[in-house]
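The residues making up each chain are set out below.
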Amino acid sequence: MEKRDEEEEVSLKTLSKKMDDFAKARDWEKYHSPRNLLLAMVGEVGELSEIFQWKGEVARGCPDWKEEEKVHLGEELSDVLLYLVRLSDACGVDLGKAALRKIELNAVKYPAPKKTDDHCVGDGEDSRSKIKLNEEH
């Protein structure tokens, strides 16, 4: 295995190319139909779920986890990501562009609350802590 720089940025394009090369080198392309890739990814999501299954709520950053548990988590997350990248390629979807578009759509669908400096009467709280709610809700 080649040594990696810890600070190296990895793009979806890089992962896509590496996965394509990996599959071609093993003559696995014939098995990489969208359906097969999706089912393989679902299996990997199941393996990822098993890691959390009996842990209850887990704090952000998994501070109570052993190092080997975090390594295993990284492996299973990677399996899901790699199948997702491969699936998007098999379907002809630019995953990066699709994800950015989805974020933009979500920003419209779920607008961030607007803060206001209007004074609130009767509650004695600082008006800067108030959030102006969207009139549509």
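Look above for the structure.
Residues numbered from 1 in each chain as written. Predicted model: local features only at pLDDT ≥ 70, side-chain atom pairs only at ≥ 80, totals over all residues. Heavy atoms only, no water.

1. What about the overall build of the protein?
Now for step 1: Tallying secondary structure elements over the protein gives 4 helices and 2 strands in all.
Now for step 2: Across the 137 residues in the protein, those meeting the buried criterion constitute 15%.
Now for step 3: Residue pairs in contact within the protein that sit at least 24 positions apart in sequence constitute 50% of those at least 6 positions apart. (Helix = DSSP H or I, 4+ residues; strand = E, 2+ residues; numbered from the N terminus. Buried < 20%, exposed > 50% of the residue type's maximum accessible area, 1.4 Å probe, protein only. Contact = heavy atoms within 4.5 Å.)

2. Observations concerning a nonpolar patch on the surface
Now for step 1: On the surface, F22, W28 and Y31 cluster together into a nonpolar patch covering about 320 Å² of accessible area.
Now for step 2: Here W28 shows up in the loop between α1 (12-25) and α2 (34-52). (Patch = residues over 30% accessible without salt bridge, like charges linked within 9 Å, V, L, I, M, F, W, Y side chains within 5 Å. Areas by Shrake-Rupley, 256 points an atom, 1.4 Å probe, with all protein chains shown as cover. Salt bridge = Lys/Arg side-chain N within 4 Å of Asp/Glu carboxyl O.)

3. Considerations on the packing of α1 against helix α3 (residues 67-90)
Now for step 1: The N-to-C vectors of α1 and α3 enclose an angle of 85°; their axes lie 9 Å apart at closest approach. One way to sum up the angle between α1 and α3 is to call them roughly perpendicular. Facing α1, whose interface residues are L12, L15, S16, M19, D20 and A23, α3 presents L81, L82, V85, R86 and D89.
Now for step 2: Here the residues of the contact of α1 with α3 are counted per class, giving 7 nonpolar, 1 polar and 3 charged. (Axes fitted to C-alpha atoms, helices over the stretch in contact; angles between N-to-C directions. Parallel < 35°, antiparallel > 145°, perpendicular 65-115°, else oblique. Nonpolar A, V, L, I, M, F, W, Y, C, P; charged D, E, K, R; others polar.)

4. Structural notes on the pattern of salt bridges
As a working rule, side chains carrying opposite charge can pair if their charged atoms are close by.
Now for step 1: Per the stated rule, a full pass over the model turns up 5 salt bridges.
Now for step 2: Taking the shortest distance from any N to any O, the salt bridge between K24 and D20 comes out at 3.0 Å. Here K24 and its partner D20 are both found in helix α1, 4 residues apart, which amounts to about one turn of the helix.
Now for step 3: By relative accessible area, K24 is classed as partly exposed at 46%.
Now for step 4: We note a salt bridge from R86 to D20, for which the minimum N-O separation is 3.3 Å. Of this pair, R86 sits in helix α3 while D20 sits in helix α1, placing them 66 residues apart in sequence.
Now for step 5: When salt bridges with common partners are traced through the structure, they connect D20, K24 and R86 into a single cluster.

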